[in-house]
Structure formats: structure tokens, C-alpha cells
Amino acid sequence: RLFWGWFLVLGGSVSMVMFLYAAVISKLVGSSSSSGNSVIQALQNDWYYCFLVPLTIPILTAAVYFHWLSMKLFKHA
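Residues numbered from 1 in each chain as written. Predicted model: local features only at pLDDT ≥ 70, side-chain atom pairs only at ≥ 80, totals over all residues. Heavy atoms only, no water.

The protein chain is annotated in an unreviewed UniProt entry as Phosphatidylinositol N-acetylglucosaminyltransferase subunit Y of Genlisea aurea.

And the structure:
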């Protein structure tokens with residue numbers, strides 16, 4: 001159990017660092033310091049992940065509200 005706990009924490013941390021690099025850091029570095037790696041250049045030219053999280057927040061808010069509303073309706077029915 002201890003192994004799987006640390007494995008999941010480490011996996012989540014690595015995923016977060018990779019997301020931060022794809023969404024923020026690769027845009028701040030700029031194309032002048034590209035290393036010739038096609039994956040890094042593709043991440044620098046991609047704007048999908050920069051807009052993914054901010055545009056997900058309104059949908060998450062609506063989903064939480066409708067979940068709360070359905071639980072209230074079920075409780076008082």
C-alpha cells in the first residue's frame with residue numbers, strides 16, 4: 001500500500017510538471033532557444049493547453065451546481 005501511495009503521488013507530480021511545461025513554461029521560453037527537438041517545438045506552437053483549464057472552470061461550476069441541485073431535490077422528494 002505504501003508503494004502504491006508514493007507511486008501515485010510521484011505520478012501526479014510528474015504529470016503536473018509536464019502540464020505546467022506544456023501550458024506555461026514553453027510559451028515563456030520562446031522559440032529563439034529551441035533545441036531542434038520536434039516535440040518541444042510542437043509544444044511551443046500549441047495553444048490548446050493554455051486555454052483548456054480556464055475554459056473548463058465555467059463547465060465545472062455548472063456541473064457542481066447541478067449536482068448540488070439534484071441532491072437537494074432527491075433529499076426533499
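**Here's the deal with the side chain of S26**
Short version of the rule: Every helix listed is a DSSP run of H or I at least four residues long, and every strand listed is a run of E at least two residues long, numbered separately from the N terminus. Nitrogen and oxygen atoms within 3.5 Å of one another constitute a polar contact, given that in protein one can donate a hydrogen and the other can accept it, and given that sequence-neighbouring residues count only through two side-chain atoms. The contact definition used throughout considers only heavy atoms, calling two residues in contact when any of these lie within 4.5 Å.
With respect to the secondary-structure elements, S26 resides in helix α1 (residues 2-29). From its side chain, S26 meets the backbone oxygen of A22 in a polar contact 3.3 Å long. A distance of 3.4 Å separates the side chain of S26 from the side chain of K27, its partner in a polar contact. Residues in contact with S26, not counting those within four places in the same chain, are Y21, L43 and Q44.

**Here's the deal with a nonpolar patch on the surface**
Put simply, the test is: A patch is a set of surface residues, each over 30% in relative accessible area and not in a salt bridge, joined within 9 Å for like charges and within 5 Å for the nonpolar side chains Val, Leu, Ile, Met, Phe, Trp and Tyr. A 1.4 Å probe and the Shrake-Rupley method give the accessible areas. Residues count as covered only by the protein chains that appear here. A carboxyl oxygen of Asp or Glu within 4 Å of a side-chain nitrogen of Lys or Arg is what we treat as a salt bridge.
On the surface, a cluster of nonpolar side chains totalling about 1100 Å² of accessible area is made up of M16, F19, L20, V24, I25, L28, V29, Y48, Y49, L52, V53 and I57. Every element with two or more residues in the nonpolar patch is listed here: α1 and α3 (48-75). Here the nonpolar patch takes 7 residues from α1, the largest share from any one element. Along the chain, L20 turns up in helix α1.

**Digging into the UniProt feature "transmembrane region" (unreviewed entry) in the protein chain**
Put simply, the rule reads: UniProt positions are given in the numbering used here, feature names are shortened, and annotations may be inferred rather than shown by experiment.
Mapped onto this numbering, the UniProt entry gives "transmembrane region" (unreviewed entry) at residues 6-26 and 47-68. Helix makes up 100% of residues 6-26 and strand 0%, and the two end C-alpha atoms of the span are 28 Å apart.

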